[in-house]
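# A closer look at the structure
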Amino acid sequence: MNLNIRHWLAERHIQIKEIRGFSSGQLAGIAYRIVQDMEVKSLMPFDICTLAEVLELPLEAVWEEITVIALLSEHLLRSLSQKKALKRNEGTWLAFQIAYLQALQQVLDQEASLQKPWVNRAMIPAQPQIVKEGVSKLILQDAKLQGLLKTLSPGKLTDTQAEQALSLMADSLLVQQMNNASVAWFIVNGAEELEAKLLTQRLSHALGGHLLTVIAQNAPPLAQLQKFVRLGGASHMQNLVSGVLATSSSGLEGDKIDLHRENYRASLVQILSTPLLMESFALKDIYVTPRGLPVEETTSTPDKKTASAINLTAWAQEQLADLKTIAVIESKPGYGKTSFCQIWAAQVAQELYPTWMPIIIRLRDVKYGNSLAETLNSGFLASSHTKLSSWLEQDHPRCLLLLDGLDELPASRQGKRARVIFIQQLLKFQSQGRHKIILTSRCSTLPEIAPDMLLQFRRVSIQPLDVEELKQWFQQWAKVQSLPIAQNYFTFLKQTGLFASKSQFPELSALVHQPLMLYLLGVLHRDGLIDDLVLQLATNSPKNTSAALLWEINHRLKRWLLGYPLTGEITTMLLRSGSAHIHRTPEAIANLLDGRHPQDILDVMQQIALKILHSDRYQVILPKDLNTNTLLAFYFRSFVSGQLSVVSLHQQLTTDNRQLTNKTEFSHPKFGEYLCAEAIAAQLQSLTQCQEDAYGTLSFILDSPASVAQHLYNLLGYGILTPEIEELAIETLRRQQNSDFCFEVLLQRLESFWRAYCQGRWLDEGIAHKALTHFHTLHNPVNVEQINANAGVNTFLLLSACHRETKVTFCPCGHPANMAEFYPEALLVLLGKAAVLSNNSFNKRICAQSLAGINLSGAYLSQVMLAGANLEQTNLSDAVLTGANLAGANLTGANLIGANLAGANLTGVNLQTVNLTNACLVDAILSEADKETAALNGALFSLEQFQTLKSLVSQQSILNVNNAANTDTWVNNTSKMQLIESLEGEAISPIDLYDDASEDETVFGVNPGDYDRE
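Looking at an unreviewed UniProt entry, one finds the protein named Pentapeptide repeat-containing protein and attributed to Amazonocrinis nigriterrae CENA67.

Encoded structure:
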């Protein structure tokens, strides 16, 4: 005879929906009455099988009842133990019932949030259902499912089997029986067989965490189970057997259980069930532990000569023995730093506790406090009632602080200084030798923040996937997809030569060896979205950039996700039964769109991407009127600050929602780069859009100079554009050229803004101050000076990139022949403004590429710092570079005719191909061999000779300027005639933006010089 809780409640006319609002005390009262009835009927704990009760119901009923059933089961456990001490096998049976129900509910909530197609199918029964006698609920009538449920009820669990379940968890007989029943239940509810197995596997990943929660919250009745989940020590367990239980925020001090600590530890395991993006499987199912190469402290480069790559987990565990130095895991985005933290933290929580207590803190979540403890606590999402500082004050257990994302530390009004202080605080804390800090970061971040402190860190650089790791990955891929899909993908990559050390597609080959991109390419390949165009882009990628290839991959992912934009292509792939969940089906797309047009979703995505970018914090608090549930889980992740993403049932019912804040962030930074680039490109494109008035006259939608300036300050004033976003934005605009976009028109508008910017017009008119409000609304702490500098630097970057795209030379200072608009100090002033951002911001971004090939003829760059700058093919004729630091600069093919390089540092510069005709190198710092080369190339080492030549050239220039002035009237009249012709529909010849004329109008009649006139 079994006890059916739902039947028992129905007999007493108690409905489940009424119990949902009951307090914990009222639930305890129901449990007490049930136990009384069990005594009368001589029922045992094994006669309770709430899991079987739940799994005989259809999905809709499970959603209504699973929370209440799990809570009632927990109260039954407590009531039974008060009557009589539970045996180990009895406690194990009940604890696993409760934990499994909680894990099942977690997976169901995840699937519902992703709007999976099987959930739709679950609402329509596959077979006739009957109403169970005494219970007004439909029961699933599937023979296989009912047969599997009978193996669970009544329960049979020996003490040996109980120990096996506690020790082996998912590999035990008990959990395998539960998993078999769950797989059958998912299938009956509409999931495909492989899909059902993957969902159940995710459930198993989280089961250990939920079991820990159940045992910790019911420690006295489950005393014999505690050692299996590493709960407490020997003396602590003796106290628990005696019925002593206390909750304290002081950890294991006095052998008391800290429930906050145990719930947090459990959450690190529970989170392993989170689906990977929108898949049916989890990260753990395809995760391969990467290798790391120790970094040479003095050079900040991986030591490939004397060291060999080692397993990253093994390296990290070795670092636990060193309590004096901070360990740092470095890599580019997409190599698995955050994934490693999640997987390893769960492993430490289960295997190394209580020696080590893992704590993950995402540094993007912190707010700078008055102390390190205050700063870290602000990013500690365990509970609003827990203070991390109290854990750090204890010597046992030692805390393993996994600080993820040093490069994602929030911006501060103190600028770089805030990060330096944070690093100093970490070093001081680590020197105390009580706990261990492990940082993750991009490769260049730590050397930029603390170049003089590198010897105090132990650094390792994650390496690309090698042959063995790729083999492991494809074995995992075959399990979560199918063997044919994995084999076809592997064969494609191998035949294309992407595994070869010297591939003919080096850019694509590099992506294949990164875990994230290997997965994304696998997604596209399984749905037939990898073709010759992708390979062609990989072949034609410019040196040192893969923007076109990355753009195409992201564009296809977007098309795969939304089925939009339509390209006229027809998918020839026939979806076989049993694999529909693997491929992107029309049903899945319809679920995602939910009646909305794809373009509407894309517009919202761009709006949110801009908000995240402008916040400069990797995350943003969205307005309450924006439903974050409609965001694409593939690209975005919404979460609640103030609590963990995984909490127990009790915490869900007791959390004070007033303390919580909804935040949204990109699901991965690489997706964020693409979405931000698209958003920026759309905003730049809007500068070129026109409208007709009632008389057919064309004008820009953003017509006035002030409106353009405000638009650009609001767009670009947040911070410095990263190279990745800049390149992807230009690539996005390149793909729009055949429609309604023209690079030349954008250049005219940006140059007009740039010339006025160099003269300080926008500061004078308060444009930057208006943008300040916009950024502060998004909690970006920039000030007016920083906004002004950011807008200038970013405009310079975009102008340089657009000119490279159009093959037209960029003259940031104007043309020397047009003295009215020539501003020789423009670049020097920009350098000065950039100094308010950080010491390296200008050198990092502008000097890397944006100075190459531009026209700086006549520019004043005295004492400028251009060490290591790329000045290839740059025109520096007649430029003033006295005292400039050009050490190590790339001057290949540069034009330095007549330039003044007196006292300049030219150490390490190759002067073989530099045109130094009449250039002054008096007192320049260069080797004797370089002096001979410079002399052969026409350089002068006499100040008198140089000044004499400059005097002669100056007289000739005056004559040229006078001649140019006489032609101004003719040039202006010609421009006006072209404008009239354009409005009458006549064709207009192309306009050279850089001939010597001082006033070149656009086809819309806007002179760049108009920005300078009142």
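### A short note on the overall build of the protein
For the protein, the helix and strand inventory stands at 41 helices and 15 strands. The buried share of the protein, taken over its 1014 residues, is 55%. Relative to all contacts within the protein whose residues are 6 or more apart in sequence, the contacts with residues 24 or more apart total 68%. Per element, the accessible surface of the protein, about 43300 Å² overall, is 52% carbon and sulfur.

### A look at unusual backbone geometry
Geometrically, the link from Tyr353 to Pro354 is a cis peptide bond, its omega value of 10° lying close to zero. Position of Pro354 among the secondary structure elements: in the loop between α16 (337–351) and β7 (356–362). Look at the link from His396 to Pro397: it is a cis peptide, with omega at -5°. By the secondary structure assignment, Pro397 is in the loop between α18 (388–392) and β8 (398–404). Here the phi dihedral of Asp594 falls at roughly 50°; this positive angle occurs in a residue that is not glycine.

### Concerning the packing of helix α33 (residues 743–758) against helix α36 (residues 784–806)
Each packed pair of helices is defined by two parameters, the angle between the axes and the distance between the axes. The interhelical angle for the contact between α33 and α36, taken along N-to-C directions, is 145°, at an axis separation of 10 Å. By crossing handedness, the relation of α33 to α36 is classed as left-handed. Residues Phe743, Glu744, Leu746, Leu747, Leu750, Glu751, Phe753, Trp754 and Tyr757 of α33 touch α36, and the partners they reach there are Asn788, Ala789, Gly792, Thr795, Phe796, Leu798, Leu799, Cys802, His803, Glu805 and Thr806.

### Examining the side chain of Ser667
Locating Ser667 in the fold gives a position in the loop between β13 (661–666) and α30 (669–685). A relative accessible area of 12% places Ser667 in the buried class. A distance of 2.6 Å separates a polar atom in the side chain of Ser667 from the backbone oxygen of Phe634. Residues contacting Ser667, with those up to four places away along its chain left out, are Leu277, Ala633, Phe634, Tyr635, Phe636 and Arg637.

### Here's the deal with the pattern of salt bridges
Scanning the model with the defined rule gives 37 salt bridges in all. Ionic pairing is found between Glu111 and Arg202, a salt bridge with its closest N-O pair at 2.9 Å. Highlighted residues: Glu111 in helix α6 (residues 88–113) and Arg202 in helix α11 (residues 193–217), separated in sequence by 91 residues. Linking Glu665 and Arg637 is a salt bridge whose minimum nitrogen-to-oxygen distance equals 2.9 Å. With Glu665 in strand β13 and Arg637 in strand β12 (residues 636–641), the pair connects residues that are 28 residues apart, well separated along the chain.

### Considering the environment of Ala143
Along the chain, Ala143 turns up in helix α8 (residues 143–150). The spacing of Ala143 and Ala184 is 41 residues in sequence and 10.0 Å in space, taken between C-alpha atoms.

### Some points on the packing of aromatic side chains
The relative placement of two aromatic rings is captured by the distance of their centres and the angle of their planes. Evaluation of the coordinates by the stated rule reveals 28 aromatic pairs. With a centroid separation of 6.3 Å and an interplanar angle of 85°, the aromatic rings of Phe474 and Phe499 are classed as edge-to-face. With Phe474 in helix α21 (residues 467–480) and Phe499 in the loop between α22 (483–495) and α23 (506–512), this residue pair connects regions lying 25 residues apart in the sequence. The class for Phe499 is partly exposed, based on a relative accessible area of 24%. Taken together, Phe281, Trp473, Phe474, Trp477, Tyr489, Phe490, Phe499 and Tyr519 form an aromatic cluster joined through their ring pairs. For Arg265, the ring lying beneath its charged end belongs to Tyr353, and the centroid distance is 3.9 Å. When the ring centre of Tyr757 is taken as origin, the NZ or CZ atom of Lys833, which lies over that ring, is 4.1 Å away.

### Observations regarding the environment of Gln476
Residue position: Gln476 is located in helix α21. Setting aside residues no more than four positions away along its own chain, Gln476 makes contact with Asp285, Ile286 and Tyr287.

### Regarding helix α13 (residues 259–270)
With 12 residues, α13 should cover 16 Å at 1.5 Å per step; its first-to-last C-alpha distance of 16 Å lies within 8% of that length. The element α13 is largely enclosed, with a buried count of 11 among its 12 residues. Every buried residue of α13 is accounted for by Leu259, Arg261, Glu262, Asn263, Tyr264, Arg265, Ala266, Ser267, Leu268, Val269 and Gln270. For α13, the N-terminal capping position is held by Asp258, with its side-chain oxygen 3.0 Å away from the main-chain nitrogen of His260.

### Concerning the packing of helix α3 (residues 24–40) against helix α5 (residues 59–83)
The geometry of α3 relative to α5 is characterised by a closest axis approach of 8 Å and an angle of 55° between their N-to-C directions. Classified by the angle their axes make, α3 and α5 are oblique. Remark: the crossing between α3 and α5 carries right-handed chirality. Where α3 abuts α5, its residues Ser24, Leu27, Ala28, Ile30, Ala31, Tyr32, Ile34, Val35, Met38 and Glu39 lie against Leu71, Leu72, His75, Leu76, Ser79, Leu80 and Lys83.

### Topic: the pairing of β7
Burial of β7 is extensive: six of the seven residues sit out of reach of the surface. Pairing between β7 and β8: seven bridges, direction parallel. Bridged to Ile360 within β8 is Leu402.

### Considerations on the confidence of the model for the protein
Averaged over all residues, the pLDDT of the protein is 86; the fraction at 70 or higher stands at 84%. Here residues 233–254 is modelled with pLDDT under 50, and outside its nearest four sequence neighbours on either side it reaches 47 contacts, counting other chains as well. pLDDT under 50 marks residues 964–1014. Its contacts with residues more than four places away, or in other chains, come to 73 contacts.

### Some details on the pairing of strand β10 (residues 457–462)
Taking burial as the measure, the six residues of β10 include five buried ones, the bulk of the element. Relative to β10, strand β3 (residues 291–296) is paired through three bridges, and the arrangement is antiparallel. By the bridge assignment for β10, Pro294 is matched with Val460. In this structure, strand β6 (residues 326–330) lies alongside β10, joined through five bridges in parallel fashion. The residue bridging Ile326 from the neighbouring strand is Phe457, located in β10.

### Topic: the side chain of His75
With respect to the helices and strands, His75 occurs in helix α5. What His75 contacts, discounting residues up to four positions off in sequence, is Ser24, Leu27, Ala28 and Ala31.

### Comments concerning the state of the cysteines
Inspection of every chain in the model, using the stated rule, returns zero disulfides. This cysteine, Cys811, is not joined by any disulfide, and Cys813 carries the nearest cysteine sulfur, 8.7 Å off. Residue Cys811 is classed as buried on the basis of its relative accessible area of 10%.

### Quick look at α3
For α3, spanning 17 residues, the distance from its first C-alpha to its last is 25 Å, which sits close to the expected 24 Å at 1.5 Å a residue. Listed in full, the buried residues belonging to α3 are Leu27, Ile30, Ala31, Ile34, Val35, Asp37 and Met38. Taken end-on, α3 shows its buried residues confined to a sector of 160°, consistent with a single buried face. Along α3, exposed side chains directed more than 90 degrees from the buried face belong to Gly25 and Val40. Of the surrounding elements, those touching the buried residues of α3 are α1 (5–11), α2 (16–19) and α5. Positive backbone phi, at 55°, marks Ser42, one or two positions downstream of α3.

Basis of the calculations
- By convention here, each chain's residues receive numbers from 1 onward along its written sequence.
- Given that this is a predicted model, residues contribute local features only at a pLDDT of at least 70 and side-chain atom pairs are listed and counted only at 80 or more, while totals for whole chains, interfaces and linings are drawn from all residues.
- Note: side-chain values were computed over all heavy atoms of the structure, leaving out hydrogens and water.
- The way it works is that DSSP assigns letters per residue, a run of H or I at least four long becomes a helix, a run of E at least two long becomes a strand, and they are numbered from the N terminus.
- When accessible area is computed with a 1.4 Å probe and restricted to protein chains, residues below 20% of their type maximum are described as buried, those above 50% as exposed, and intermediate ones as partly exposed.
- The contact criterion used throughout is that any non-hydrogen atoms of two residues lie within 4.5 Å.
- Here, Shrake-Rupley sampling with a 1.4 Å probe gives the accessible areas, and only protein chains in the shown set may cover a residue.
- Fitting a line to C-alpha atoms yields each axis, with helices limited to the stretch in contact; the angle taken between N-to-C directions then spans 0 to 180 degrees.
- A clockwise turn of the near helix away from the far one marks a right-handed crossing, whereas an anticlockwise turn of less than a right angle marks a left-handed crossing.
- We call two N or O atoms a polar contact when they sit within 3.5 Å, provided that within protein one can donate a hydrogen and the other can accept it, with sequence-adjacent residues counted only if both atoms are side-chain atoms.
- A pairing counts as a salt bridge when a side-chain nitrogen of Lys or Arg comes within 4 Å of a carboxyl oxygen of Asp or Glu.
- Under the pairing criterion, centres of Phe, Tyr and Trp rings, with the six-membered ring standing for Trp, must be within 6.5 Å; the plane angle then separates stacked pairs below 30 degrees from edge-to-face pairs above 60, leaving the rest tilted.
- Lysine NZ or arginine CZ positioned within 6 Å of the ring centre and within 35 degrees of the ring normal marks a charge as sitting over the ring.
- In a helix, the anticipated span is given by 1.5 Å times the number of residues less one.
- Throughout this description, any angle smaller than 35 degrees is read as roughly parallel, any larger than 145 degrees as roughly antiparallel, any in the 65 to 115 degree range as roughly perpendicular, and the remainder as oblique.
- In this description, strands pair whenever DSSP reports at least two bridges between them.
- You can read pLDDT as the predictor saying how much it trusts each residue, on a scale of 0 to 100.
- Only a pair of cysteine sulfur atoms within 2.5 Å counts as a disulfide in this structure description.
- The directions considered for the arc are those from the helix axis to the C-beta atoms.

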